[in-house]
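Here is how the chains run, residue by residue.
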Amino acid sequence: MVLRSTRVVTPEGERPAAVAVSGGTIAAVWAYDADVPEGARLVDLGDDALLPGLVDTHVHINDPGRTEWEGFASATRAAAAGGITTLVDMPLNSIPPTTTVENLAVKQDTARGKVHTDVGFWGGAVPGNVKDLQPLHDAGVFGFKCFLLHSGVDEFPQLSPEELADALTELSRFDGLLIVHAEDPQLIDGAPQRSGPHYADFLASRPRAAENAAIEGLITLAKRLNARVHVLHLSSSDALPLIAAAKREGVKLTVETCPHFLTLTAEEVPDGATEFKCCPPIREAANQDALWEGLADGTIDCIVSDHSPSTIELKVKETGDFAAAWGGISSLQLGLPAIWTEARRRGHSVADVARWMSQAPAALVGLSTKGAIAVGYDADFAVLAPDETFTVDPAELYHRNRITAYAGKTLHGVVRSTWLRGELIAENGVTNEPTGRLITRENA
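Residues numbered from 1 in each chain as written. Predicted model: local features only at pLDDT ≥ 70, side-chain atom pairs only at ≥ 80, totals over all residues. Heavy atoms only, no water.

**Q** Before we move on, could you go through the layout of surface pockets and cite the residues and values that matter?
**A** Each pocket or cavity is described by its volume, and for the largest pocket that value is around 660 Å³. For the largest pocket, the lining is made up of 37 residues, of which Ser 151, Gly 152, Arg 206, Cys 279 and Gly 327 are closest to its centre. Within the residue set of the lining of the largest pocket, elements represented by two or more residues are strand S10 (144–147), helix H5 (185–190), helix H6 (199–205) and helix H9 (259–263). Residue classes in the lining of the largest pocket are distributed as 16 nonpolar, 14 polar and seven charged. If you add up the space inside the second largest pocket, you get close to 310 Å³. In this structure, the second largest pocket is lined by 17 residues; those nearest its centre are Ala 81, Gln 333, Phe 390, Glu 396 and Gly 429. (1 Å grid on protein atoms, 1.4 Å probe; cavity = no way out; pocket = protein on both sides within 12 Å on 5 of 7 lines; lining within 4 Å. Points joined across faces, edges and corners; volume = space filled by probe spheres on them. Helix = DSSP H or I, 4+ residues; strand = E, 2+ residues; numbered from the N terminus. Nonpolar A, V, L, I, M, F, W, Y, C, P; charged D, E, K, R; others polar.)

**Q** Describe empty space enclosed by the protein, and please don't skip the residues or the numbers.
**A** A full pass over the atoms with the stated rule returns two cavities of 30 Å³ or more. Of the volumes computed, that of the largest cavity is approximately 70 Å³. Around the largest cavity, the lining comprises 13 residues; the ones closest to its centre are Leu 54, Asp 56, Ile 84, Ser 305 and Met 357. Mapped onto the lining of the largest cavity, the elements with two or more residues apiece are strand S6 (54–59) and helix H12 (335–345). In terms of residues, the lining of the largest cavity owes the most to one element, S6, which gives three residues. Classifying every residue of the lining of the largest cavity gives nine nonpolar, three polar and one charged. Each pocket or cavity is described by its volume, and for the second largest cavity that value is around 60 Å³. Its residues assigned to classes, the lining of the second largest cavity shows five nonpolar, five polar and two charged.

**Q** With reference to specific residues and values, describe the pattern of salt bridges.
**A** In the structure shown here, the tally under the stated rule is 27 salt bridges. With a closest N to O distance of 2.5 Å, Arg 421 and Asp 118 form a salt bridge. Of the two residues, Arg 421 is situated in the loop between strand S16 (410–420) and strand S17 (423–427) and Asp 118 in strand S8 (residues 118–121); the sequence distance between them amounts to 303 residues. The residues Arg 421 and Asp 118 share a single accessibility class, namely buried. In this structure, the salt-bridge partner of Arg 344 is Asp 387, at a minimum N-O distance of 3.6 Å. On the criterion of sequence distance, the pair formed by Arg 344 in helix H12 and Asp 387 in strand S15 (residues 381–391) is long-range, its members being 43 residues apart. A residue is classified by how much of its surface remains accessible, and Arg 344, at 32% relative accessible area, is partly exposed. Overall, Asp 387 belongs to the exposed group, its relative accessible area being 56%. Salt bridges sharing common partners tie together Asp 118, Lys 370, Asp 378, Asp 380 and Arg 421. (Salt bridge = Lys/Arg side-chain N within 4 Å of Asp/Glu carboxyl O. Buried < 20%, exposed > 50% of the residue type's maximum accessible area, 1.4 Å probe, protein only.)

**Q** So, the nonpolar core: which residues are in play, and what are the values?
**A** Formed by 97 residues in total, the largest nonpolar core has its most connected members in Leu 51, Phe 144, Leu 178, Leu 234 and Leu 253. Looking at this core, the element that brings in the most residues is helix H7 (residues 208–225), giving seven residues. When neighbours within four sequence positions are excluded, Leu 253 is seen to be in contact with Ile 219, Val 229, Val 231, Ile 243, Ala 246, Lys 247 and Asp 301. With 20 residues, the next largest nonpolar core counts Val 55, Met 90, Val 126 and Ala 362 among its residues. (Core = buried A, V, L, I, M, F, W, Y, C linked by side-chain atoms within 4.5 Å. Contact = heavy atoms within 4.5 Å.)

**Q** Mind laying out the packing of H12 against helix H13 (residues 350–365), listing which residues take part and the relevant values?
**A** Relative to each other, H12 and H13 sit at 135°, their axes nearing to 10 Å. The angle between H12 and H13 falls in the class oblique. Once H12 is placed against H13, the crossing between them reads as right-handed. Note on element contacts: H13 touches H12 through Val 350, Val 353 and Met 357, opposite Gly 335, Leu 336, Ile 339, Trp 340 and Ala 343. A class-by-class count of the residues in the contact of H12 with H13 yields seven nonpolar, one polar and no charged. (Axes fitted to C-alpha atoms, helices over the stretch in contact; angles between N-to-C directions. Parallel < 35°, antiparallel > 145°, perpendicular 65-115°, else oblique. Left-handed = near helix turned anticlockwise from the far one by under 90°.)

**Q** For the pairing of S16, give the residues involved together with the corresponding values.
**A** Taken across its 11 residues, S16 has eight buried, putting it largely inside the fold. Note: S15 against S16, eight bridges, orientation antiparallel. Its bridge partner lying in S16, Leu 384 is registered against Val 415. By the bridge criterion, four bridges tie S16 to S17 in an arrangement that is antiparallel. (Pairing = 2+ DSSP bridges.)

**Q** Describe the sheet that holds S8, with residues and values.
**A** The parallel open sheet is built from three strands, whose spatial order is S6-S7-S8. The outermost strands of the open sheet, each flanked by one partner alone, are S6 and S8. Taking each pair of neighbouring strands and ignoring which way they run, the sheet shows an average axis angle of 20°. As defined by bridge partners, S6 adjoins strand S7 (residues 84–89) across four bridges and the pair is classed as parallel. Within S7, the residue paired with Leu 54 across the bridge is Ile 84. Here helix H1 (residues 72–81) sits on the sheet in contact with S7 and S8, set at roughly 140° to S7.

This is the structure in structure tokens:
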């Protein structure tokens, strides 16, 4: 098969090209007008952009145990419709959490045969499971998630400062990756905690200072232990100078942010609109501008969804009480057009988006055959009509609970089709039967 487009996004940038696929991998990237081999199927994409399939390393699927919140079938179907070909599932909100090899096996058994995309797994670092970290690593998880404050579910407790140091010391022995929800619990506890419908009150309850302090502590610890640390869902632009300085010093630090922090602003959140609640929170427009600058200069490495769904009953409260509502933004199906809409407005290219949402997340977790349109890589593609627009209708989403902060927004970028190892898995919003694989660090 040969896919041809005037806008193929390669590691060297965007150009007209023809991409040859054989046996599920990219066999060649030719000139646009190269002769198609006899017998090969030609897929002419015209001026639609051919991107590497997106890699989303921050997804809460919640299966088993809270499948009514999401589930492997619905999550990966939404991902496929949105141009994502690989995702990595978070270790919490499922029951049991992925904190032992036995619990990992339960999750893998639950997912097997249901996934439309390739799916890998994070392990969890919780109090008392230091002994489980090496076995989980050997079983193929891509790293370990921890919280520094209450996670929102009791079966996944946060680490104390001492437990954090113990876990990171253990991970440094085998170069394991610790991914951290970085908010300082004492500063959160000391912030004003008011219930009710006013978004300003919720925003004040999760101050930037809590993120900044937690990140500063992580940098100090990672530097002392020569350990790998990844900061999850950065929302505070105040932390960018700390992060940039740490990277210049050679600290093994990477950072992600999310579509909602880059496309939504505190100023536009209506009071009572709890579909906008997430932790850390959506902040002000000036903060968003600085996050985009951090992406542009490489301080922030990648963009991932932090898809964190729940039932509508948990997410939407009749009183509009931000304190009582579940915190999380569902965006698996919408992340690519949401980011492209804002990126194009700010003068960024489709190649920039592919770097932030495919190449960099793949590199974060060591997916050596994902994240690029290049010879030898998996033939994973997202086909995007970058100049077309659509208005978000929650009824058209594949998320199990169809509520979204993007409802009613007009976005640029229609995902025409998604391909996994050369096989069409979604076209014009319609997904095929699940053919995804469960991946580990060894077979990725």
